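# Results of the structural survey
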Amino acid sequence: MTNSHSPPLLICNAEIDGLTGMSVGMKAGKIDSIRRDEEFGWRPDTVINANGGALLPGLSDHHIHLLGTAANKASLSLEHVTSMDDLITSIRSAGARLAQGQWLRATGLDASAIGIPDRYALDKVDSTRPIRAQDRTGALWVLNSLALEHVITGNADSLPGGVERDKAGRLTGRIWRETAWLKDRLASSPPDLASLGSELSSFGITRVTDASVSTTQATASLLGRAHRSGALPQHLRLMSGGALIPCEEKSFEIGELKIVLDERSLPEFADLESRFELARQWNRGLAVHCVTSVELSYCLAAFDTFGSLPGDRIEHGGIIPQDAFEPLRRHGLTIITQPGFIHSRGERYLARVEAYEQEDLYRCGSLLRCDIPVGGSSDSPYGPVDPWLAMRTATTRTTRQGRIVGGGERISPDAALNLYLGSPACPGRPVRQIRVGDPADLCLLNLPVAAALNTLSGDLVSATLIDGRIVFQADCNVL
């Protein structure tokens, strides 16, 4: 979105940093003035009466997968499938609503609950249409035979290493961490990003970091066009596993170089060294995907060996043992966590994670107390996209059924809000403030901040502004 043509706008009677009766004037997408009265010396095109509601900097989601989240809206969710019978019922029921031969895309498969199906298992569910199902971690796609025939063309000997074969050399239909390759083979139309942009705006989100390792220059251009058109109004910071070139329109910011660690097939240290060197050559920070304690240990050993720089970060930190605190602090690493997983997956964690590791799950409070910076995020589509749900969960550490996971990691409501008020380039550091000259990216609540912190609900958002334009409004009084 361009801000040069944003019309003059005024928000009056707002609470800012605990001060009531404040007015904020915006011109050309920037904050022009902050005063206790409404006399700005110029006439706004639009006036919003905040009615005493808190005016905040717009929220940031520091780790999301935009295209995956948008595609998920048109996919079958298997999040609550816990048996093969449930899987059969869900897929057949969804398939009955599709046209003959239409692809069925499913996500959220819990392989630990029902095992990892192969092409033949999916064929037994439905062999009349192509099916692809993604596991809940995003690391694995399983295709039935029809889908596999569509994807595998030409010489099957030249397939990437993530395309699994059985001991006899036959393709199993399981494809591990080859999302970019699979996307190229499918050549499907991009999903609708406008619906996602509207949903993010309704939560007060004005900035997002797409953390997809598969992002290419073409993907970046696609997302950049969606931003320029206003379909995806949020400011974009894009990670990638390879090189990215800035666009002339500055419709996205280049983020960290992403490294995905998987303890089942950890890279050689020499390969990690080359990734570190590339990031430094490109003047980019490193973002290392670490869910398990093994992955985190390997990652920290790499930082010990190859060094760290400000801006380097750990994505997820699914399990962080206490003995990792010292190297995390020493290297100045930021943890990008997902409190929403405690809500959506907490019952699964309680059932399957060893009791001695449950206190290590998605730490927050202990990290902050040790002065280790923490940023909040959704990891959508793998976690709930609602940041307010994540904030509430960070304060309660309760599952969907109300049981506590790692109660010692609870944080206060204001600390939970601050997880989403950091700069995308520096999450977890001092939160952004509303200041003259800054972009007019704002989230207006319908209550003062003290009352809002008692609720932490998305229903509190009455308006969201990006570059001084209203991209969402609910119950605010627009004059």
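Here's what I pulled together on the structure shown here. Please read these numbers as outputs of a predicted model, since none were measured by experiment. (Residues numbered from 1 in each chain as written. Predicted model: local features only at pLDDT ≥ 70, side-chain atom pairs only at ≥ 80, totals over all residues. Heavy atoms only, no water.)

### Focus: the side chain of E256
With respect to the secondary-structure elements, E256 resides in strand β15 (residues 253-260). Residue E256 is classed as buried on the basis of its relative accessible area of 2%. Ignoring anything within four residues of it in the chain, the contact list for E256 reads R237, M239, S240, R284, G285, L286, A287, G311 and R313. (Helix = DSSP H or I, 4+ residues; strand = E, 2+ residues; numbered from the N terminus. Buried < 20%, exposed > 50% of the residue type's maximum accessible area, 1.4 Å probe, protein only. Contact = heavy atoms within 4.5 Å.)

### Considering unusual backbone geometry
In this structure, P381 follows S380 across a cis peptide bond, with omega equal to 15°. On the secondary structure map, P381 appears in the loop between β19 (374-376) and α15 (387-396). The residue A28 is not glycine, and still its phi comes out positive at about 50°. Considering the arrangement of structural elements, one finds A28 in the loop between β2 (19-27) and β3 (30-35). For A28, a relative accessible area of 37% gives the class partly exposed. The phi angle at H316 is positive, at roughly 85°, despite the residue not being glycine. Accessibility expressed as a relative area gives 4% for H316, which makes it buried.

### Section: the pattern of salt bridges
One pass over the structure, following the stated rule, counts 22 salt bridges. The salt bridge involving R280 is made with D312; its shortest N-O contact spans 2.7 Å. With a gap of 32 residues between them, R280 in helix α9 (residues 269-281) and D312 in the loop between α10 (293-306) and β17 (313-316) connect regions that are remote in the sequence. The exposure class assigned to R280 is partly exposed, which follows from its relative accessible area of 24%. Among the salt bridges present, the one from R363 reaches D360, with a minimum N-O distance of 2.5 Å. Exposure remark for R363: the relative accessible area of 7% places this residue in the buried category. Among the charged side chains, a salt-bridge network with shared partners connects E79, D110, R136, R348 and R352. (Salt bridge = Lys/Arg side-chain N within 4 Å of Asp/Glu carboxyl O.)

### Examining the packing of aromatic side chains
Under the counting rule described, the total for this entry stands at six aromatic pairs. When the centroid spacing of 5.3 Å and the interplanar angle of 80° are considered together, the rings of F269 and Y298 count as edge-to-face. Taken together, the positions of F269 in helix α9 and Y298 in helix α10 put the pair 29 residues apart, joining distant regions of the chain. Centroid distance Y349 to Y362: 6.1 Å. Interplanar angle 25°. Geometry classified as stacked. Separated by 13 residues along the polypeptide, Y349 in helix α12 (residues 340-352) and Y362 in the loop between α13 (355-358) and α14 (365-369) bring together distant segments of the chain. When its relative accessible area of 9% is taken as the criterion, Y349 is described as buried. Exposure remark for Y362: the relative accessible area of 5% places this residue in the buried category. Among the aromatic side chains, those forming a connected cluster through ring pairs are F269, F276, Y298, F303 and F306. The ring centre of W141 lies 5.0 Å from the NZ or CZ of R132, which sits over that ring. (Phe/Tyr/Trp six-rings, centres within 6.5 Å; stacked < 30°, edge-to-face > 60°. Lys NZ or Arg CZ within 6 Å of the ring centre and 35° of its normal.)

### Quick notes on the environment of L200
Position of L200 relative to the elements: it lies in helix α7 (residues 193-202). With relative accessibility at 0%, the residue L200 sits in the buried group. Through-space distance from the C-alpha of L200 to that of D61 is 9.2 Å; in sequence the pair is 139 residues apart. Other than its neighbours up to four places away in sequence, L200 contacts I64, L66, I205, V208, Q234 and V385.

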